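# Chains, contacts and geometry: an overview
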Amino acid sequence: MTVERIDEESPLLTNETNNYTDNIQKRRRTTPTPLPKVQISILMLLQICEPITSQSIYPYINQLISELDITGGDERKVGYYAGLIESLFFVTEAMTVFQWSRASDHIGRKPILLIGLAGSMISMLLFGLSKTFWALVIRCVHPSLPTVTFRTGMRSYDSRCLTGLLNGNIGVMKSTIGDLTDSSNRAEGVSMLPVVWSLGAAIGPLIGGTFARPHERYPKVFTSPFWKTYPYFLPSLIGVSYVFVAFWITVFVFKETIPKKRRSRILSRTSSTDSSSSHNHRDGALPLRNLFTYRVLLSVSNYVALAFLNICFNALLPLFLAMPLDIGGLGLPPSAIGYVMGGYGAATGIFQFFWFAKVNRMLGEKRVFMTGMMVLPGCFAMMPIISLVAQRWGVSAIVWVMIAFTMMLAVIMDMAYGAIFMYITASPPTKAALGATHGLSQTSASISRAIGPALSTSLFSLSVQGNWLGGYAVYAIFGILSVASVLLARRLPDEVWEEEEYDDDHDNNES
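Residues numbered from 1 in each chain as written. Predicted model: local features only at pLDDT ≥ 70, side-chain atom pairs only at ≥ 80, totals over all residues. Heavy atoms only, no water.

An unreviewed UniProt entry lists the chain under the name Major facilitator superfamily domain-containing protein, from Lentinula detonsa. Recorded under Subcellular location (unreviewed entry), the UniProt text for the chain is reproduced unchanged: "Membrane". (UniProt positions renumbered as here; feature names shortened; annotations may be inferred.)

A word on the packing of aromatic side chains. Tallied over the full model, the rule gives 20 aromatic pairs. Look at phenylalanine 222 and tryptophan 227: their rings are 5.2 Å apart centre to centre, the planes differ by 80°, and that puts the pair in the edge-to-face class. Look at phenylalanine 222 and you get buried, because its relative accessible area is 17%. Judged by centre distance (5.2 Å) and plane angle (85°), the rings of phenylalanine 247 and tryptophan 248 are edge-to-face. Residue classification places phenylalanine 247 among the buried residues on the basis of a relative accessible area of 17%. Under the relative-accessibility criterion, tryptophan 248 is labelled partly exposed at 38%. These aromatic residues form a ring-pair network of at least three members: Phe211, Tyr218, Phe222, Phe226, Trp227, Tyr230 and Phe233. (Phe/Tyr/Trp six-rings, centres within 6.5 Å; stacked < 30°, edge-to-face > 60°. Buried < 20%, exposed > 50% of the residue type's maximum accessible area, 1.4 Å probe, protein only.)

Glancing now at the packing of helix α7 (residues 109–128) against helix α10 (residues 169–180). α10 packs onto α7 with a crossing angle of 150° between their chain directions and a minimal axis gap of 10 Å. In terms of their interaxial angle, α7 and α10 are classed as roughly antiparallel. Our pair here, α7 against α10, has a crossing hand that is left-handed. Contacts from Arg109, Ile112, Leu113, Gly116 and Leu117 of α7 reach α10 at Asn169, Val172, Met173, Ser175, Thr176 and Asp179. In terms of residue class, the contact of α7 with α10 is made up of five nonpolar, four polar and two charged. (Axes fitted to C-alpha atoms, helices over the stretch in contact; angles between N-to-C directions. Helix = DSSP H or I, 4+ residues; strand = E, 2+ residues; numbered from the N terminus. Parallel < 35°, antiparallel > 145°, perpendicular 65-115°, else oblique. Left-handed = near helix turned anticlockwise from the far one by under 90°. Contact = heavy atoms within 4.5 Å. Nonpolar A, V, L, I, M, F, W, Y, C, P; charged D, E, K, R; others polar.)

This is the structure:
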């Protein structure tokens, strides 16, 4: 009798907390389905390609902008142009990534992955051969884009833009992970994505910082005038070499993850004019408007907030490290910047590999995501603090300790990607819409990532030029936005939604 009275009078929050705890304990007792190791390994190999090619420019991009003499010798203006270059990839990616991801639902994941790899190789070679600012922006190429994706009459594309135009791999790789995993082993599969991304994010800046201007760093080896004419070609060439190997491994070893009959059915539903009235959407292509459900929009909006704030931090960090002490930076050389960012990437990879799945099983996706978002204000707050300390005592040991602490906060923040990925993967109305859902999320994130670098680095320059809040207003602005993102994250449910499973037996039995 006493027990019944306590149950009736217990607060609703206590009951919800108990249910949440019970679900976490149940999940710990569940035996995960074994992962398809070969398929997952190849996918991880491909995942490394993008950070290697995209982030190898970070250590030297500010020096490159300065050498192009478009700032008139004013170092405070470097941020404007560096942010523009860093944003170009995401601007063009936002134009096409949804269509690439949706196309992967129709024709398969493998063809789209191969096109993305080819686009990365072409664009990086062109970037390394660029000699002026506008050559970085405009290169005369004429890529053949499929009808389903993008058509244009222009004959000139930016070498960075070309990567975005031809690269739908981010969304497609996430969809492929969804194909290869289920709710019991997805945390293990997802935990590998940040690991290999971090490995690439560690290797990319190290390549850029170590092999930029090789005629100066290794004059006995790189004696040809070519290396003096194109001082940033070698980092691009090294990145392209890796992508080239990954391309051929994908061609000969990787297996398509979408059953052929499912693809045929989706194509037939898409071409049918009366499909919406005569067929079940579980068996065919889902109209675009049907993707905009509450759980899809909530998951995607949280992913966009994370991606936007993260790219702003990543754009500000090398700028902060490179700029002179008297304008709020640390004045570090490209090699040191490469080591800092490479160390950050390596630490993230190690942490994610050994602890993400365990932490996720222990705390649940929402708590992991909330923790990652809650450290973002601290990441932005640390940069002005480090600057003030450096201006007083120079770039001393205490400054390096503070940089290491900031990188530790960023490592914790990166856990949020794995958590929100699982929300997005479980959010589609049907399994057949998985690629389209990840395409929508990646399109939205790409738009925010296109805005982020240009906005953050421009605010850095404006803060310094106008002496807003002593030159540190940019960090205050993003600190406030980070706090707002935590409020949005609180709206996520405690448990990931039940996933709409596709009936694979239907594939096997269908005539």
